[in-house]
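Secondary and tertiary structure notes
In case you want the letters, here they are:
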Amino acid sequence: MGFDGLFGAGGISSSGMSAERLRMEVIANNIANAQTTRSPNGGPYRRQDVVFETVLGNHKQGGQGVRAAEIIDDPSELPKIFNPGHPDADADGFLTLPNVQIPVEMVNLMTATRAYEANLKAALAMKQMNEQALTLMRS
Amino acid sequence: MEISAIGAGSFIPTAEPTRPAATGSGGKVFGDIVEQVLAGQSKADASANQAIEALATGQAENLHAVSLAVAQADLSFHLVLELRNRITEAYQEVMRMQV
């Protein structure tokens, strides 16, 4: 017998925090590569996004948290600027840049931070509830 | 007015005192419960130790997983402690009973 059943909500919050951490890593990678004009696939870096999916438990438990399903590339158009001096510019002198927009990434970063915090609060509330239940045993 | 003396017949027990049904396995079942609780506690403790070891050796991927494991071990230890306190209290209560 373990106490796993008591900490079910803690595990769910932990999966949420792990997922948000991964999102944070992807956003940090986007920001770091905001000016990268060379990538392994050829061409400039493409902005990445993470897709989450729910983890199902049995029919009594309902959802058992979240996990990252995949990391996808953003297919949106890559902006071009006129910069003939750049070594990666095309024949017409246009340089293709990554489709990373720093303001958008900053907002996503804030959302990820807040979502992490929300999961932390949920885990903390769960812990406090268990502790409060334990005080019943004190006479 | 005649007052009858208190005799043996004036105090008739209405019912036989009931004895608790003999359950030879009572102590064993209780011991099993304690053992299970302790096993759960040591499991939580072991997972916390594992998480801390992973953190110390640089293999931990998530800090929150470590702190959550520690919090769970702390909580289950408190649960066992409270149980132990209650059991000791009950035992002392029985020992103080006058015979």
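These notes cover the structure that comes with them. Position labels on residues start from 1 in each chain and follow its written sequence. Key to labels: chains lettered from A, ligands numbered from 1, both in the order written. Only residues with pLDDT of at least 70 get local features here, since the model is predicted, and only at 80 or more are side-chain atom pairs given and counted; chain-wide, interface and lining totals rely on the full set of residues. Only hydrogens and water are set aside when side-chain values are computed; all heavy atoms of the structure are taken into account.

1. A short note on the packing of aromatic side chains
Residues and elements named next belong to chain A. Centres within 6.5 Å are what make two rings of Phe, Tyr or Trp a pair, Trp counting through its six-membered ring; a difference in plane orientation under 30 degrees is then read as stacked, over 60 as edge-to-face, and the rest as tilted. Inspection of the entire model under this criterion finds one aromatic pair over all chains. On the basis of an interplanar angle of 65° and a centroid distance of 5.4 Å, the ring pair of phenylalanine 82 and phenylalanine 94 is categorised as edge-to-face. In this pair, phenylalanine 82 sits in strand β3 (residues 80-82) while phenylalanine 94 sits in strand β4 (residues 94-96), placing the two residues 12 residues apart along the sequence. Under the scheme applied here, a residue whose accessible area is under 20% of the maximum for its type counts as buried, over 50% as exposed, and between as partly exposed, the area being computed with a 1.4 Å probe on protein chains only. A relative accessible area of 55% places phenylalanine 82 in the exposed class. Under the scheme used here, helices are H or I runs from DSSP no shorter than 4 residues and strands are E runs no shorter than 2 residues, and both carry numbers assigned from the N terminus.

2. Digging into the pattern of salt bridges
Residue and element names in this part refer to chain A. One speaks of a salt bridge when a side-chain nitrogen belonging to Lys or Arg is within 4 Å of a carboxyl oxygen belonging to Asp or Glu. Under the definition given, this model contains 11 salt bridges over all chains. Note that glutamate 53 and arginine 67 form a salt bridge whose closest N and O atoms lie 2.7 Å from each other. Highlighted residues: glutamate 53 in strand β1 (residues 48-56) and arginine 67 in strand β2 (residues 63-73), separated in sequence by 14 residues. Given the relative accessible area of 32%, glutamate 53 is considered partly exposed. Among the ionic pairs, glutamate 117 bridges to arginine 114, the shortest N-O distance being 3.0 Å. Residue glutamate 117 and its partner arginine 114 are both found in helix α2 (residues 102-135); the two are separated by three residues, about one turn of the helix.

3. A closer look at the interface of chain B and chain A
Here, two residues are considered to be in contact whenever any of their heavy atoms come within 4.5 Å of each other. Of the residues lining the interface, 21 residues belong to chain B; the matching set on chain A comes to 21 residues. Taken as a group, His64, Leu75 and Glu82 of chain B account for 33% of the area that chain B buries against chain A, more than any other trio of residues on that side. Counting across the chain B and chain A interface gives zero salt bridges. Side-chain atoms alone can form a polar contact between residues adjacent in sequence; in general such a contact is a pair of N or O atoms within 3.5 Å, and within protein one must be able to donate a hydrogen while the other accepts it. Applying the counting criterion to the chain B and chain A interface returns seven residue pairs in polar contact (both at pLDDT 80 or more). Looking at the side of chain B that touches chain A, the elements that each hand over two or more residues are α1 (26-56) and α2 (63-95) of chain B. Here the side of chain B that touches chain A gets 13 residues from one element, more than from any other, and that element is α2 of chain B. All amino acids are sorted into three groups, where Ala, Val, Leu, Ile, Met, Phe, Trp, Tyr, Cys and Pro are nonpolar, Asp, Glu, Lys and Arg are charged, and the leftover types, Gly among them, are polar. Here the residues of the side of chain B that touches chain A are counted per class, giving eight nonpolar, eight polar and five charged. Joining two parts hides part of their accessible area as seen by a 1.4 Å probe, and the buried area is that hidden amount summed over both.

4. Some words on α2 of chain B
Here the expected span of a helix is defined as 1.5 Å times the quantity of residues minus one. In a regular helix each residue adds 1.5 Å, so 33 residues correspond to 48 Å; α2 of chain B covers 48 Å between its end C-alpha atoms and thus fits that length. The complete set of buried residues in α2 of chain B reads His64, Val66, Leu68, Ala69, Ala71, Gln72, Ala73, Leu75, Ser76, Leu79, Val80 and Glu82 of chain B.

5. Description of the environment of phenylalanine 82 of chain A
Along the primary structure phenylalanine 82 of chain A and arginine 21 of chain A are separated by 61 residues, whereas in three dimensions their C-alpha atoms are 37 Å apart. Apart from residues lying up to four places away in sequence, phenylalanine 82 of chain A is in contact with Asp92, Gly93 and Phe94 of chain A.

6. Here's the deal with α2 of chain A
In a regular helix each residue adds 1.5 Å, so 34 residues correspond to 50 Å; α2 of chain A covers 49 Å between its end C-alpha atoms and thus fits that length. Among the residues making up α2 of chain A, those that are buried are Glu105, Asn108, Ala112, Ala123, Met126, Asn130 and Leu134 of chain A. In this structure, the buried residues of α2 of chain A make contact with α1 (8-32) of chain A together with α2 of chain B.

7. Focus on the packing of α1 of chain A against α2 of chain A
The description of two helices packed together rests on the angle between their axes and the distance between the axes. All names here are of chain A. Helix axes are fitted only over the stretch in contact, all axes being lines through C-alpha atoms; the angle between N-to-C directions runs from 0 to 180 degrees. With their axes 9 Å apart at the nearest point, α1 and α2 run at an angle of 165° to one another. By the angle class used here, α1 and α2 are roughly antiparallel. Regarding α1 and α2, the two cross each other, and that crossing is left-handed. Partitioning the contact of α1 with α2 into residue classes produces 15 nonpolar, eight polar and three charged. Any angle from 65 to 115 degrees is called roughly perpendicular, while one under 35 is roughly parallel, one over 145 is roughly antiparallel, and all others are oblique. The crossing is said to be left-handed when, going from far helix to near helix, the turn is anticlockwise and less than a right angle, and right-handed when the turn is clockwise.

8. Some details on the packing of α2 of chain A against α2 of chain B
In the contact formed by α2 of chain A and α2 of chain B, the axes pass within 10 Å of each other and the chain directions differ by 10°. One finds that α2 of chain A runs roughly parallel with respect to α2 of chain B. Residues Tyr116, Ala123, Lys127, Asn130, Glu131 and Leu134 of chain A of α2 of chain A form the contact with α2 of chain B, whose own contacting residues are His64, Leu68, Ala71, Leu75, His78, Leu79 and Glu82 of chain B. A breakdown of the residues in the contact of α2 of chain A with α2 of chain B according to their chemical character gives seven nonpolar, three polar and three charged.

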